[in-house]
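One letter stands for each residue in the lines below.
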Amino acid sequence: MQVDLISLTISGLVLLVLILNILYSPAFNRLDRKLHKKLVRTQKNIFWKIIAFINEPKLVIVWDVLIAGLLLNEDNYRLGLWVLATLGVTDAAGFIVKHLVKRSRPHAHLSEEEGYSFPSGHVLGATTMCLILYALLRREFDQLFAVILLIYWLFVVISRLNLRAHYPSDVLGAVALSVFCFTVVQTIYAALFLK
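Residues numbered from 1 in each chain as written. Predicted model: local features only at pLDDT ≥ 70, side-chain atom pairs only at ≥ 80, totals over all residues. Heavy atoms only, no water.

- Going by an unreviewed UniProt entry, the protein carries the name Phosphatase PAP2 family protein and comes from Lactobacillus leichmannii.

### Observations concerning the overall build of the protein
Part 1 of the argument: Of regular secondary structure, the protein possesses eight helices and zero strands.
Part 2 of the argument: On C-alpha atoms alone, the protein measures out to a radius of gyration of 17 Å, which is about the 16 Å that the 2.2 N^0.38 rule sets for 195 residues.
Part 3 of the argument: Referenced to the eigenvectors of the C-alpha coordinate spread, the extents of the protein come out at roughly 50 × 35 × 30 Å.
Part 4 of the argument: When each of the 195 residues of the protein is scored for burial, the buried share is 42%.
Part 5 of the argument: Put simply, 78% of the contacts in the protein that link residues at least 6 apart link residues at least 24 apart.
Part 6 of the argument: Put simply, the protein shows about 11300 Å² of open surface, and 68% of that area lies on carbon and sulfur atoms.
Part 7 of the argument: Computing the positive centroid from 19 side-chain charges and the negative centroid from 13, the protein places the two 13 Å apart. (Helix = DSSP H or I, 4+ residues; strand = E, 2+ residues; numbered from the N terminus. Rg over C-alpha atoms; globule rule 2.2 N^0.38 Å. Buried < 20%, exposed > 50% of the residue type's maximum accessible area, 1.4 Å probe, protein only. Contact = heavy atoms within 4.5 Å. Areas by Shrake-Rupley, 256 points an atom, 1.4 Å probe, with all protein chains shown as cover. Lys, Arg positive; Asp, Glu negative; His and termini not counted. Charge placed at Lys NZ, Arg CZ, Asp CG, Glu CD.)

### Structural notes on helix H2 (residues 26–39)
Part 1 of the argument: Taking 1.5 Å per residue, 14 residues should reach 20 Å; H2 reaches 20 Å between its end C-alpha atoms and fits that length.
Part 2 of the argument: Considered for burial, the residues of H2 that qualify are Phe28, Asn29, Asp32 and His36. Axial view of H2: buried residues confined to an arc of 95°, hence all on one face. Of the residues in H2, the exposed ones pointing more than 90 degrees away from the buried face are Pro26, Leu31, Lys34, Lys37 and Lys38.
Part 3 of the argument: Residues of H2 that are buried sit in contact with helix H1 (5–24), helix H7 (143–162) and helix H8 (168–193). (Expected span 1.5 Å × (residues − 1). Arc of directions from axis to C-beta.)

### Points about the packing of helix H5 (residues 77–101) against H8
Part 1 of the argument: The contact between H5 and H8 brings their axes to 9 Å, and the two run at 145°. Both H5 and H8 take part in a crossing whose hand is right-handed. From H5, Arg78, Leu79, Trp82, Ala85, Thr86, Val89, Thr90, Ala93, Gly94 and Val97 reach across to H8, where they touch Leu177, Ser178, Cys181, Phe182, Val185, Gln186, Tyr189 and Phe193.
Part 2 of the argument: Of the residues assigned to the contact of H5 with H8, the class counts are twelve nonpolar, five polar and one charged. (Axes fitted to C-alpha atoms, helices over the stretch in contact; angles between N-to-C directions. Left-handed = near helix turned anticlockwise from the far one by under 90°. Nonpolar A, V, L, I, M, F, W, Y, C, P; charged D, E, K, R; others polar.)

### Considering the UniProt feature "transmembrane region" (unreviewed entry) in the protein
Part 1 of the argument: Under the UniProt annotation, "transmembrane region" (unreviewed entry) lies at residues 6–25, 46–73, 118–137, 143–159 and 171–194.
Part 2 of the argument: For the annotated span residues 46–73, helix accounts for 93% and strand for 0% of the residues, and the straight-line distance between the end C-alpha atoms is 36 Å. (UniProt positions renumbered as here; feature names shortened; annotations may be inferred.)

### Some thoughts on the packing of aromatic side chains
Part 1 of the argument: In total, this model carries six aromatic pairs according to the counting rule given.
Part 2 of the argument: Where Phe47 meets Phe155, the ring centres are 5.3 Å apart and the plane angle is 90°; that geometry is what we call edge-to-face. Placement of Phe47 in helix H3 (residues 46–54) and of Phe155 in helix H7 is noted, with a sequence separation of 108 residues between them.
Part 3 of the argument: Owing to a relative accessible area of 32%, Phe155 belongs among the partly exposed residues under this scheme.
Part 4 of the argument: Ring plane angle 25° and centroid distance 5.1 Å describe the contact between Phe141 and Phe145, whose orientation is recorded as stacked.
Part 5 of the argument: Connected via pairs of aromatic rings, a cluster forms that spans Phe47, Trp48 and Phe155. (Phe/Tyr/Trp six-rings, centres within 6.5 Å; stacked < 30°, edge-to-face > 60°.)

### Focus on the layout of surface pockets
Regions of empty space are outlined by a rolling probe, equal in size to a water molecule, passed over the atoms.
Part 1 of the argument: Volume-wise, the largest pocket comes out at about 760 Å³.
Part 2 of the argument: Taken together, 28 residues form the lining of the largest pocket, with Leu79, Trp82, Ala135, Leu136 and Gln186 sitting closest to its centre.
Part 3 of the argument: Contributions of two or more residues to the lining of the largest pocket are made by helix H4 (57–73), H5, helix H6 (121–137) and H8.
Part 4 of the argument: A per-element tally of the lining of the largest pocket places H8 first, with eight residues.
Part 5 of the argument: When grouped by side-chain class, the residues that make up the lining of the largest pocket number 17 nonpolar, six polar and five charged. (1 Å grid on protein atoms, 1.4 Å probe; cavity = no way out; pocket = protein on both sides within 12 Å on 5 of 7 lines; lining within 4 Å. Points joined across faces, edges and corners; volume = space filled by probe spheres on them.)

Quick look at the structure:
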């Protein structure tokens, strides 16, 4: 079993540093708020609202179940279960971190946004789905597929900032948590099924 120690270490350290700074560093939180104000221009663009809707965490679960269903339908049970486990573990970890940190959303966020801010659930789901799709399909498609996934992911990140739903550190924390959980589940899958 080969563990991607670099991904685990970097994502784990980034996540830990962010959590500690959000909880205990007023200077970090002031910097995060200032950066948020500089990055955010407007929240009235319908395009960003559509991107946010398509990547609503509950809807991402539907996309995940559909992908797993297609794999199960092709008698690829192990990969189907891996797809379900990857998003399931990541969402569970995101829920736990949100309720441990309990960070309030930015002051000017849209009223339909509820819950805690760190980490961003939309970015968590989008990052995880991009990693899953890339892992599943990278051999069948060329580099253009990776570029399309990256653009899609960037749209989700921008939408969360543009709609004022999250601070920059919420987005970075979601990416770090997603990479960490993806690597853990992928390592367990490889240990169990790819001997």
